[in-house]
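Working through the structure, step by step
What follows is the residue order along each chain.
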Amino acid sequence: MNLKEYLKDNIIYLDGGMGTLLQEAGLKPGEHPELWNITHPDKIISIHKAYFDAGSNVVNTNTFGANTLHFDENKLEEIIKAAIENATKAKNESINTSPKFVSLDIGPLGRLLKPYGDLDFEEAIEIFAHTVRLGVKYGCDLITIETMNDSYETKAAVIAAKENSKLPVFVSNAYSDDSNLMTGASPEAMVCMLEGLGADAIGVNCSFGPKELSEVIDRILECSSTPVIFKPNAGLPKTENGKTVFDVTEEEFAREIASKVKKGVRVIGGCCGTTPNHIKALFEKTKDIKALEIEHKNLTVVSSYTHTVEFDSLPILIGERINPTGKKRFKQALIENDIDYILNEGLRQKDAGVHILDVNVGLPDIDEAKMLKSATKELQAIINLPLQIDTSDILAMEQALRVYNGKALVNSVNGKEESMEGVFPLIKKYGGVVIALTLDESGIPETKEGRIKIAEKILKKAQEYGIEKKDIIFDTLAMTVSADKNAAKVTLDTLEYIKTKMGIHTSLGVSNVSFGLPKRDFINSSFFTMALSKGLSTAIMNPFSTDMMKAYHSYKALMGMDDNFSEYIEYASGIVTEEKLSAADNKSSKDEGLSPLQNAIIKGLKEQASSITKELLKDKEPLDIISEEVIPALDIVGKGFEEKTVYLPQLLMSAEASKCAFEMVKCHMTESKSEMKVKCPVVLATVKGDIHDIGKNIVKLLMENYGFKVYDLGKDVKPEEIVNCVIKNNVPIVGLSALMTTTIPAMEETVKLLRKKAPDTKIIVGGAVLNLEYAEKMGADKYAKDAMEGVRYADEIFGSLI
């Protein structure tokens, strides 16, 4: 039976955990589970069959870490071939008579993507693609992308799956205790992006037990028009008699998930700590529950790497300033590849209150495709607003959409066949909400009826590509009134009809209406208010225009969109003009007591951090710059991270900016033959058998920025190697990382050996599968739930050593 057809009317049962069962079957600490497909096929087949027999419709192959980062190409092919054969044999031997499918399991690569890590986005796609092609070659029925804690890596994996197969793709992410991914994406942002990319089922796995993930799954159900996956752990891990066990019973596990099935969850199973008994209990608890029909939410929504922006009743502001039209300084920045100028334009508009940033870099003198791709990557690295990709160049549009970390707004398509045939395939492939201009080969109609006819043509063509009207926003084209006194009326009448009669959102480039007239803001702001009253959903506008922002806040207040007039009062009491925002070194930051260098570090502006530090070194002692400028800035960002107001990407970009300042100071001190003070040494390692070093690399970056000397031993490190480094270099602090349940014994072994050979060493442990109780039982001194907590503890230890 076809899986997609079966999914339409049935609950799909997945399998449960693999790692803990392999440990029980004899998997040694540090041994690669994927190799057991070849060396112990009978045991793998037995586990798969047990899940099928318990009621699973879909069983994942034992390939979670199978990729070219961890195995050479020949060994990888051997592993995937054997893995699919093992699962297929289990399927054929199972007593379960329900439809059964074998899924190629794909887990995270264990490395952060640029700019936060060292792995290129396209390189990540190719690594995933290699695994996908082998899965297709050896006959898997679908692809499961799971346990991803970064939206960008998730996108790379989905693109790889879609470009290299026609199989169904299930995607589930691992959420943190703040209900976001490690790199900041909310459940809504992930649904938005993944639905745009065409995932066949979307949800959550791993991290916690079903109760702790209740909020996340409810939020996904609220916004998803795609079948929802729920695959939690069997609670939290702990050690009993030397064994890893989990604290949620089979009955409790089944009961909690069953309650979500009644709310609409369609794809269910278990992750770490779950067994065939959990799946059997889940099957028995839910087999008589009728699958709820998937509700089409009909949301017009775009996303960044952190959040969504929905086009609904509240008007959305799109900042127009990243655009060379009529801006001499911006044109110069594009020609000189002055990325910092572009970034500052984005930051200033964010401070002014826009919801989305328009990004247009079209100039005859530059390679637009290269520049738009670069600007998109740089802007999304330090600003968490959704972007509007603004270009008529199809190549530039595709390159920007491909690397964009979310679901973009796209400006634009129009009624010309060439435009629709170029743009719509990109929207279908990468996702996006597209601005549609009501013009075609005949030009811009002078009447409402003419523009509506073009809108209807665009809708019909979009449907041929599988693009719904919720992903189209019509721009009814503001024409200059100085050339045609009726131009504004035609635009507004068309806008009102499309919004109220056709039920589709609308957009305008407001300032076009006033070309050729003096005091343009007078006309622009009045036209803006008129358009809002006719149903304008979003406007591309200048957020530094006081008249425009007055009109916006006044309209919201008068239309009951501003509770207690709080936004209006805040705006009116401190009107932000373009002149104020363009004051030297960002006046808004000075008002908060920040220096230019601190501001650059906090905002992640690397080039500015270097150049400001270079200037400071002319008059200030190097160590004073570190202690009075760099460390306080890092502390501000670190505190924000701990309080969940700053996300990991912002923390990492700030750390990179501070690193640039440090390097400038180091160079100066080397030239002047001065010595840089360094704190005590720290050894960092990902334990034996674990090939995921994202967490460890984040800790390394922060530790070095805080002045510690770091011995980074890498990943898959033997206990003896860690101990030898500690003893040889007299290291007082060790940080150990593990992501997988199968490598926890290796961490315990390392802690035990450190206690024996280097008893005075303080041991910090961290990783997705750990908690405080588990860490204490294995004998660690500190469980760090995130990188900043580890750094704070290391600072405490260093303070006690002085």
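Refer to the structure presented above.
What this report covers is the structure whose coordinates are included nearby. Everything numeric here is computed off the predicted structure, so don't read it as measured data.

Moving on, we get to the overall build of the protein chain. A count of helical and extended segments in the protein chain gives 32 helices and 25 strands. Overall, the protein chain is about 85 × 75 × 50 Å in size when its C-alpha atoms are taken along their principal axes. Excluding contacts between residues fewer than 6 apart, the proportion of contacts in the protein chain whose partners are at least 24 apart in sequence is 75%.

Note on strand geometry: in a regular strand, side chains alternate between the two faces of the sheet. Counting buried positions along strand β3 (residues 101–106) gives 6 out of 6 residues, so the element sits mostly inside the fold. Neither face of β3 is exposed, since Phe101, Ser103 and Asp105 on one face and Val102, Leu104 and Ile106 on the opposite face are all buried. Relative to β3, strand β2 (residues 58–60) runs parallel, the two sharing 3 bridges. Counted as the bridge partner of Asn60 is Ser103 from β3. Each parallel crossover has a hand, and the one from β2 via helix α5 (residues 73–93) to β3 is right-handed. Two elements, β3 and strand β4 (residues 142–148), share 4 bridges in a ladder whose sense is parallel. Note on β4: the bridge partner recorded for Ser103 is Leu142.

Turning next to helix α13 (residues 339–352). For α13, spanning 14 residues, the distance from its first C-alpha to its last is 20 Å, which sits close to the expected 20 Å at 1.5 Å a residue. Residues of α13 that are buried include every one of Ile339, Asp340, Ile342, Leu343, Glu345, Gly346, Leu347, Arg348, Gln349 and Ala352, and no others. Looking one or two residues beyond α13, the residue adopting positive phi is Gly353, at roughly 110°.

With respect to the secondary-structure elements, Thr154 resides in helix α7 (residues 151–164). With relative accessibility at 0%, the residue Thr154 sits in the buried group. Of the polar contacts made by the side chain of Thr154, one reaches the backbone oxygen of Asp150; its length is 2.7 Å. Thr154 has contacts with Met148, Val171, Asn173, Met190, Met193 and Leu194, leaving out every residue within four places of it along the chain.

Here strand β19 (residues 506–509) shows a buried face lined by Thr506 and Leu508 and a second buried face lined by Ser507 and Gly509. As defined by bridge partners, strand β18 (residues 472–475) adjoins β19 across 2 bridges and the pair is classed as parallel. For Asp475, the partnering residue across the bridge sits in β19 and is Ser507. In the classification by handedness, the crossover that spans β18, the intervening helix α18 (residues 487–500) and the parallel β19 is right-handed. With 3 bridges joining them, β19 and strand β20 (residues 538–541) adopt parallel strand pairing. Each bridged residue has a counterpart across the sheet, and for Leu508 the counterpart in β20 is Ala539. Handedness of the crossover joining β19 and β20 through helix α19 (residues 520–533) is recorded here as right-handed.

What follows concerns the pattern of salt bridges. Opposite charge on two side chains makes pairing possible when the charged atoms of those side chains draw close. Applying the stated criterion to the full structure yields 47 salt bridges. The salt bridge partner of Asp218 is Lys263, with a shortest N-O separation of 3.6 Å. Remark: Lys263 occurs in the loop between α10 (250–261) and β10 (267–268) and Asp218 occurs in helix α9 (residues 214–223); sequence separation between them is 45 residues. Overall, the relative accessible area of 25% leaves Asp218 in the partly exposed class. Salt bridges sharing common partners tie together Glu122, Glu163, Arg402 and Lys429.

Turning next to the sheet that holds β19. The sheet built from 8 strands closes into a barrel, its strands ordered β13-β14-β15-β16-β17-β18-β19-β20 with parallel pairing. When the angles between neighbouring strand axes are averaged without regard to direction, this sheet yields 30°. In the packing of α18 onto the sheet, the strands contacted are β18 and β19, and the crossing angle to β19 comes to about 155°.

Criteria and thresholds
- Residues numbered from 1 in each chain as written.
- Predicted model: local features only at pLDDT ≥ 70, side-chain atom pairs only at ≥ 80, totals over all residues.
- Heavy atoms only, no water.
- Helix = DSSP H or I, 4+ residues; strand = E, 2+ residues; numbered from the N terminus.
- Contact = heavy atoms within 4.5 Å.
- Buried < 20%, exposed > 50% of the residue type's maximum accessible area, 1.4 Å probe, protein only.
- Pairing = 2+ DSSP bridges.
- Right-handed = clockwise from strand over helix to strand, strands pointing away.
- Expected span 1.5 Å × (residues − 1).
- Polar contact = N/O pair within 3.5 Å; in protein donor to acceptor, adjacent residues only side chain to side chain.
- Salt bridge = Lys/Arg side-chain N within 4 Å of Asp/Glu carboxyl O.
- Axes fitted to C-alpha atoms, helices over the stretch in contact; angles between N-to-C directions.

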